[in-house]
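A look at the structure
So the chains spell out like this:
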Amino acid sequence: MRIGELAARAGASARQVRFYEAKGLITSARGPNNYRDYDESALGRVQQIRELLDAGLSTQVIRGILPCLESPRDPIVFEGVTPETVAALEQERDRLTGRIDVLTRNRDAVVGYLTELRRGESATGRRRTRAD
């Protein structure tokens, strides 16, 4: 598939797809017209890269772990994984755990606030405003 189709199907821009390729996260073949041509597996890879970036991992860390993430159903590939990659993953895990803890506390605070707002609405029969 061409870059535009891959980008659209993956929810990315063509610029992002080119960036992922420049960083060595995905590859393409070149046709006789020199257009990039991606196989179907690139779609899942781009989606996976986007999720990992959204989680806060750097492209460098992602490049290090991609061999381990070929497919959730495939066995993990251990070949070529360096001690540095393992250390980087441990740091990312710890950083993500910290973010999850903060997000969980914030979500719980919002839930508590919403619960109190709803309790106040049902007690008064109307929505409360700042003037209340």
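Figured I'd write up the structure that's included with this text. Since we're looking at a predicted model, the values are computed, not measured.

1. Some details on the pattern of salt bridges
Scanning the entire structure with this criterion turns up seven salt bridges. A salt bridge links Glu40 to Arg9; the shortest N-O distance between them is 2.6 Å. With Glu40 in the loop between β2 (36-37) and α3 (41-54) and Arg9 in helix α1 (residues 3-10), this residue pair connects regions lying 31 residues apart in the sequence. With a shortest N-O distance of 2.9 Å, Arg107 and Asp108 are connected by a salt bridge. Looking at Asp108, the relative accessible area reads 42%, which means it is partly exposed.

2. A few points about helix α2 (residues 14-22)
Val17, Tyr20 and Glu21 are the residues of α2 that are buried. For α2, the angular spread of buried residues about the axis comes to 100°, placing them on one side. Set apart from the buried face of α2 by more than 90 degrees, the exposed residues are Arg15 and Ala22. Of the surrounding elements, those touching the buried residues of α2 are α1, β2 and α3.

3. Details of the nonpolar core
Ranked by internal contacts, the top residues of the largest apolar core, which has 21 residues, are Leu6, Val17, Ile26, Tyr38, Val46 and Ile62. For this core, the elements supplying multiple residues, two or more each, are α1, α2, α3 and α4 (59-65). In terms of residue count, α3 provides more of this core than any other element does, five residues in total.

4. Digging into α1
The periodicity of an α-helix, 3.6 residues per turn, causes residues three or four places apart in sequence to face the same way. Restricting attention to buried positions, one finds in α1 the residues Ile3, Leu6, Ala7 and Ala10. One side of α1 carries all its buried residues, which in axial view fall inside an arc of 95°. In this fold, the buried residues of α1 make contact with α2, β2 and α3.

5. A few points about the packing of α1 against α2
Axis separation between α1 and α2 bottoms out at 8 Å; the angle between their running directions is 105°. Judged by the inter-axis angle, α1 sits roughly perpendicular to α2. Residues Ile3, Leu6 and Ala7 of α1 pack against Ala14, Val17 and Arg18 of α2. Looking at side-chain class alone, the contact of α1 with α2 contains five nonpolar, no polar and one charged residues.

6. Description of a nonpolar patch on the surface
On the surface, a nonpolar cluster with roughly 360 Å² of combined accessible area is contributed by Val110, Tyr113, Leu114 and Leu117. By the element assignment, Leu114 lies in helix α5 (residues 83-124).

Scoring rules and cut-offs
- Residues numbered from 1 in each chain as written.
- Predicted model: local features only at pLDDT ≥ 70, side-chain atom pairs only at ≥ 80, totals over all residues.
- Heavy atoms only, no water.
- Salt bridge = Lys/Arg side-chain N within 4 Å of Asp/Glu carboxyl O.
- Helix = DSSP H or I, 4+ residues; strand = E, 2+ residues; numbered from the N terminus.
- Buried < 20%, exposed > 50% of the residue type's maximum accessible area, 1.4 Å probe, protein only.
- Arc of directions from axis to C-beta.
- Contact = heavy atoms within 4.5 Å.
- Core = buried A, V, L, I, M, F, W, Y, C linked by side-chain atoms within 4.5 Å.
- Axes fitted to C-alpha atoms, helices over the stretch in contact; angles between N-to-C directions.
- Parallel < 35°, antiparallel > 145°, perpendicular 65-115°, else oblique.
- Nonpolar A, V, L, I, M, F, W, Y, C, P; charged D, E, K, R; others polar.
- Patch = residues over 30% accessible without salt bridge, like charges linked within 9 Å, V, L, I, M, F, W, Y side chains within 5 Å.
- Areas by Shrake-Rupley, 256 points an atom, 1.4 Å probe, with all protein chains shown as cover.

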